[in-house]
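# Residue-level structural notes
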Amino acid sequence: MTVTDPNPSTRPAQAVPGERFASPFAVETPPGAEGWESMYPYYALLSQERAEFEDGKFWFFDGMHNPEPLYPFDTIMTENWWVAASQMSTRVWPVPPAGGIDHRIINGYLYISPNAVTDPDEIARRAEEFSLRAGHYYENWDEIYEQWVAKATGCIERLKAIHFAPLPEQEPLESVLRHKGTYSTYDLLTKYGELTANLFEMGSYHFEMLNLGYGAYLTFQEFCQAAFPGITDQTLAAMVSGIDIMLFRPDDEVRGLAKLAVELELADLVLDGENPDDVLAAIAAHPNGPQWIEAFEGAKDPWFWFSTGAGYTHSDRAWIDDLRLPFTALRGYVKSLLGGADIRRPLDEILAERTRITAEYRGYLPTEADQEVFDGLVELARKVFPFVENHNFYVEHWHHSLFWSKVRELGDVFVAHDFLDDREDIFYLHRNEIYSALYDLNIGWATGTEARGVTYWRPEIARRKRIRDVLKAHPPQPALGVPPEFITEPLTVMLWGITQESVQEWLGAKGEEGGELRGVAASAGKATGRARVIVDPEDLHLVQDGEILVCRITAPSWAPVFSRLSAAVSDVGGIMAHTAIVCREYGLPAVVGTGFATTTIRTGQLIEVDGNTGVVRVVEEAQA
C-alpha cells in the first residue's frame, strides 16, 4: 500500500468486475520502488487524513498527458493545470454542473478525478453567474481571441529572452562601475523565478477560453443528441471541423519543403540520406541548396517547436530537437510528388461535406424556431473550434517545448558547478528543490566553501532514477475507486473521452480474454491490419506501411506518419482529442479512449478497427 490503511479493521477494496475499481489504497508499491513518495509534493499524495474522501472517488489515469511515471520537475505542468483548469470551472465562470479536477500521484502515475455539481439549486445559481460571465466571452469571442494571441506570443517572447549561464569566476567589472548593487547570484534566482512564473502565466492563458470552447461544443452536442436520436459523434464533429487550424501548419510546411526540393532538383539528396544532418549538409553543398536551406530555416521557428508528445513532459522532444520525424515525412512527400500524387490536404472536400451534413440535419428539424436554435449553436461551435485547437500549438508545443529547452540551460549551470553529471538530471528535482539547490549553489560561490549540493544530489538522483525505472516497469491501472454517478466536467468528456458509457465498458473489460475493446468512434471507416503498438515516440520509425497504430495517445506532430497507416487506436481521448481531429482530417478510421489497447493488443496481431461503432477486435494472433 502507498499509505497506512485508514481503517486497520478493513482491507482496501479490490476491483469487482461490473461494480467498482480497486481502491487507490489497494495499489501496492512495486518492490524496489519504496520511498517513491519523496519525489513528489505532499499535497499530491494519498493521505490517511483524507482517506475516506479519496477512497470514495473515481480516479482515472491521465495517460494522455503523462503516460510514464512523472519526473519530479515535470510535476510543474500537472500542478499548473490542477489549479488553472479547475479555477475556470469553479471560481471564474463557474460551469453550472462541473467542479474542479482533483489530482493524486500513485506509484508515480498521475490520476485525476473530476468533481460534479449535482444540487439543482446550486446548478441554477451557477448558471446565472455563468451566463453573465461566459456570455461576455461568447459575444466578443473574436476580439478576445485576438487579444489572447497577443498575450500568448508576448509570453513566449519573454520566455525566449530568459537565459541561464554559470556564475562567473569574478563578478564582471561592469557590475561595480555601474553601481548595480545586485549581482550574479541575485540574477540567477530571479531568472529562475521568471522562468517558473512564465510557465504559470502561460498555464493561465491555456484555460482562459478552453473550457468555454468545450462547453459550447457540448451544448451543441446535447441539442443534436436530443433532436436527432442516434446521431454519432463523428457526424457532430463533421459539422464543426474542416477549419484550417494551426496544428496542421507544421506538416504543411514539410509538404512545402518537399515541393521546393523537387522544384530545385534536390529530391535525390532528400531520398538518399537517412540522417537529417547528412541531408542538410548535402543540400547546402548543392548550387540550388541555399534557397532550400533558407526556406527550411524560415519554417523551423516557430513551426518545428512541435512536440512529439503532449508537451507535458520534457522527454517529449520537439521536431527542432530531433529532425528525424519531419525528415521521414519529407522523404515520403517527395516520393509521392515524384509519383505524381497531390499531397495537399483535402480541405475543400471536408468543407463541402460539412456543408452537406449540416444542411441535411437542419432539414430534419420540424420548426423554424428549432432551426434557428440549431443555426446559433453550430455557428458558436464553429467559432470556438479554432481556439480549441490553435491554443494547443501556442501552449503545449511552441511555449512548452521552448520552456523545456530553458530548463536544460539551467541544468547546464548545475553541471558547470559540479552538482550534476548531466543536464537532463535536473528533471529529477522538484521545482521547489531547484530553488533550494540554486541558493546552495550561490552560497558555495559566495563563500568559497564547497556547496552541499556537490555531494548531495548525485546519490539522491541515482536513487530516484532507480525508483522511477521500477515504477515504469509496472504500468498503472486505467481507473481506481468508485464509479461516478455523474460525469459533467467538460474537459473530462471532450478531451479524455470519459463518459458513463466508457466507465461501464472499463468496469466490464476483461483485457486479453475479451478479444474486443470498445471506445469512442472518433473517425469513420473500417480497416484491418497488423497492429504496431507504440508507447514511445522514439519508436515511430518502426511503423510500416498499412499497419494500425496502437498507442496511448498520438500527438499532432505524428501526423506525417499517418499517411502510412490504415487506422489508429488509442487508450485515451475523446471526440475532440487531437488523435480524433487529426485522424478525421486525414480520413483515417480511429477508435480512441479504449482504456486498455496498449496493454491488451500486441504488435503483429491482426486487428480490425471499426471507426463507425468504436469497436476494436483481435482477428488473428501475431505470426511467428
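Parameters at a glance
- Residues numbered from 1 in each chain as written.
- Predicted model: local features only at pLDDT ≥ 70, side-chain atom pairs only at ≥ 80, totals over all residues.
- Heavy atoms only, no water.
- Phe/Tyr/Trp six-rings, centres within 6.5 Å; stacked < 30°, edge-to-face > 60°.
- Helix = DSSP H or I, 4+ residues; strand = E, 2+ residues; numbered from the N terminus.
- Buried < 20%, exposed > 50% of the residue type's maximum accessible area, 1.4 Å probe, protein only.
- Patch = residues over 30% accessible without salt bridge, like charges linked within 9 Å, V, L, I, M, F, W, Y side chains within 5 Å.
- Areas by Shrake-Rupley, 256 points an atom, 1.4 Å probe, with all protein chains shown as cover.
- Salt bridge = Lys/Arg side-chain N within 4 Å of Asp/Glu carboxyl O.
- Arc of directions from axis to C-beta.
- Contact = heavy atoms within 4.5 Å.
- Pairing = 2+ DSSP bridges.
- Axes fitted to C-alpha atoms, helices over the stretch in contact; angles between N-to-C directions.
- Domains from an automatic or database assignment.
- Polar contact = N/O pair within 3.5 Å; in protein donor to acceptor, adjacent residues only side chain to side chain.
- Nonpolar A, V, L, I, M, F, W, Y, C, P; charged D, E, K, R; others polar.
- Core = buried A, V, L, I, M, F, W, Y, C linked by side-chain atoms within 4.5 Å.
- Expected span 1.5 Å × (residues − 1).
- Parallel < 35°, antiparallel > 145°, perpendicular 65-115°, else oblique.
- Left-handed = near helix turned anticlockwise from the far one by under 90°.

Let us now look at the packing of aromatic side chains. Tallied over the entire structure, the rule returns 38 aromatic pairs. Relative to Tyr43, the ring of Tyr42 lies with its centre 5.2 Å away and its plane at 80°, an arrangement referred to as edge-to-face. Ring geometry for Phe220 against Phe374: centres 6.0 Å apart, planes inclined by 50°, an arrangement best described as tilted. Note that Phe220 is positioned in helix 7 (residues 210–227) and Phe374 in helix 15 (residues 368–416), a separation of 154 residues in sequence. Across the pair, Phe374 and Phe220 agree in class, each one buried.

So, on to a nonpolar patch on the surface. On the surface, a nonpolar cluster with roughly 320 Å² of combined accessible area is contributed by Leu173, Val176 and Leu177. Mapped onto the elements, Val176 comes out in helix 5 (residues 173–177).

Going through the model one piece at a time under the given rule, you end up with 41 salt bridges. Of the charged contacts in the structure, one is a salt bridge between Asp421 and Arg458, with a shortest N-O distance of 2.8 Å. On the criterion of sequence distance, the pair formed by Asp421 in the loop between helix 15 and helix 16 (431–447) and Arg458 in helix 17 (residues 453–472) is long-range, its members being 37 residues apart. Put simply, Glu620 and Arg530 hold a salt bridge, and the shortest N to O gap is 2.7 Å. Taken together, the residues Glu620 in strand 12 (residues 615–620) and Arg530 in strand 7 (residues 526–534) connect sequence positions 90 residues apart.

Below, the discussion takes up helix 19 (residues 500–508). Buried within helix 19 we find Ser502, Val503, Trp506 and Leu507. Down the axis, helix 19 shows its buried residues gathered within 145° of arc, on one side only. Packing partners of the buried residues in helix 19 comprise strand 1 (58–61) and strand 4 (479–481).

Taken in spatial order, the eight strands line up as 5-12-11-7-8-9-10-6 in an open sheet, and their pairing is mixed. Edge positions in the open sheet fall to strand 5 (516–518) and strand 6 (520–523), since each of these has one partner strand only. For this sheet, the mean angle separating the axes of adjacent strands, direction not counted, is 30°. Pairing of strand 5 with strand 12 involves three bridges; the strand directions are antiparallel.

Before going further, it helps to spend a moment on the domain arrangement of the protein chain. Taken as a whole, the protein chain is organised into domain 1 (14–118 + 447–510), domain 2 (122–241 + 366–446), domain 3 (246–348) and domain 4 (514–620). Between the C-alpha centres of domain 2 and domain 3 there is a distance of 27 Å. With 19 residues of domain 2 at the interface, the matching set in domain 3 holds 17 residues. Our enumeration of links across domain 2 and domain 3 arrives at one salt bridge. A salt bridge links Asp301 to Lys160, with the nearest nitrogen and oxygen atoms 3.9 Å apart. The interface formed by domain 2 and domain 3 holds six residue pairs in polar contact (both at pLDDT 80 or more) in total. Of all the elements, helix 15 adds the most residues to the side of domain 2 that touches domain 3, at 14 residues. When grouped by side-chain class, the residues that make up the side of domain 2 that touches domain 3 number seven nonpolar, seven polar and five charged.

To continue, consider the nonpolar core. Core analysis: the largest hydrophobic core is formed by 190 residues, its most contacted members being Phe220, Trp292, Phe403, Leu410 and Phe414. Element by element, the count of residues in this core is highest for helix 15, at 20 residues. Of all hydrophobic cores here, the second largest spans 11 residues; its members include Ala22, Phe61, Tyr109 and Tyr111.

The first and last C-alpha atoms of helix 9 (residues 249–263) sit 21 Å apart over 15 residues, in line with the 21 Å expected at 1.5 Å per residue. Here helix 9 has its buried residues at Pro250, Asp251, Glu253, Val254, Arg255, Leu257, Ala258, Leu260 and Ala261. Buried residues in helix 9 make contact with helix 10 (267–272), helix 12 (289–303), helix 13 (324–338), helix 15 and helix 20 (559–562).

If you trace the backbone, Glu68 turns up in the loop between strand 1 and helix 2 (75–92). A distance of 3.4 Å separates polar atoms of two side chains, one belonging to Glu68 and the other to Lys472. Every residue in contact with Glu68, bar those within four places of it in the chain, is listed here: Gly108, Tyr109, Arg468, Lys472 and Arg552.

Time to look at the packing of helix 9 against helix 13. Two numbers describe how helix 9 lies on helix 13: the axes approach to 9 Å, and their chain directions differ by 50°. In terms of orientation, helix 9 lies oblique with respect to helix 13. Crossing geometry of helix 9 relative to helix 13 is assigned as right-handed. In this structure, helix 9 uses Asp251, Val254, Arg255, Leu257, Ala258, Lys259 and Val262 to contact helix 13, whose residues at the interface are Pro326, Ala329, Leu330, Tyr333, Val334, Leu337 and Leu338. The residue makeup of the contact of helix 9 with helix 13, split by class, is 11 nonpolar, no polar and three charged.

Turning our eyes to something else, we now look at unusual backbone geometry. Trp93 connects to Pro94 through a cis peptide bond whose omega is -20°. Its location among the elements puts Pro94 in the loop between helix 2 and strand 2 (98–106). Here Asp301 and Pro302 are connected by a cis peptide whose omega angle stands at 20°. Inspection of the secondary structure puts Pro302 in helix 12. Of note, the phi angle at His179 is positive, near 55°, even though the residue is not glycine. Within the element layout of this structure, His179 appears in the loop between helix 5 and helix 6 (184–208). Even without a glycine there, the phi angle at Glu265 is positive, about 60°. Its place among the elements puts Glu265 in the loop between helix 9 and helix 10.

Assignment of secondary structure puts Tyr364 in helix 14 (residues 347–364). For the pair Tyr364 and Phe228, spaced 136 residues apart in sequence, the C-alpha separation works out to 8.2 Å. Side-chain polar atoms of Tyr364 contact the side chain of Glu360, separated by 2.8 Å.

Moving on, we come to the sheet that holds strand 3 (residues 109–116). Here four strands make up an open sheet; going across it, the order is 2-3-1-4 and the pairing antiparallel. Each having just a single partner strand, strand 2 and strand 4 make up the two edges of the open sheet. Shown here is a sheet whose adjacent strand axes are inclined to one another by a mean of 30°, direction ignored. Two strands pair when backbone bridges link them, and strand 2 and strand 3 are joined in this way by seven bridges, in the antiparallel orientation.

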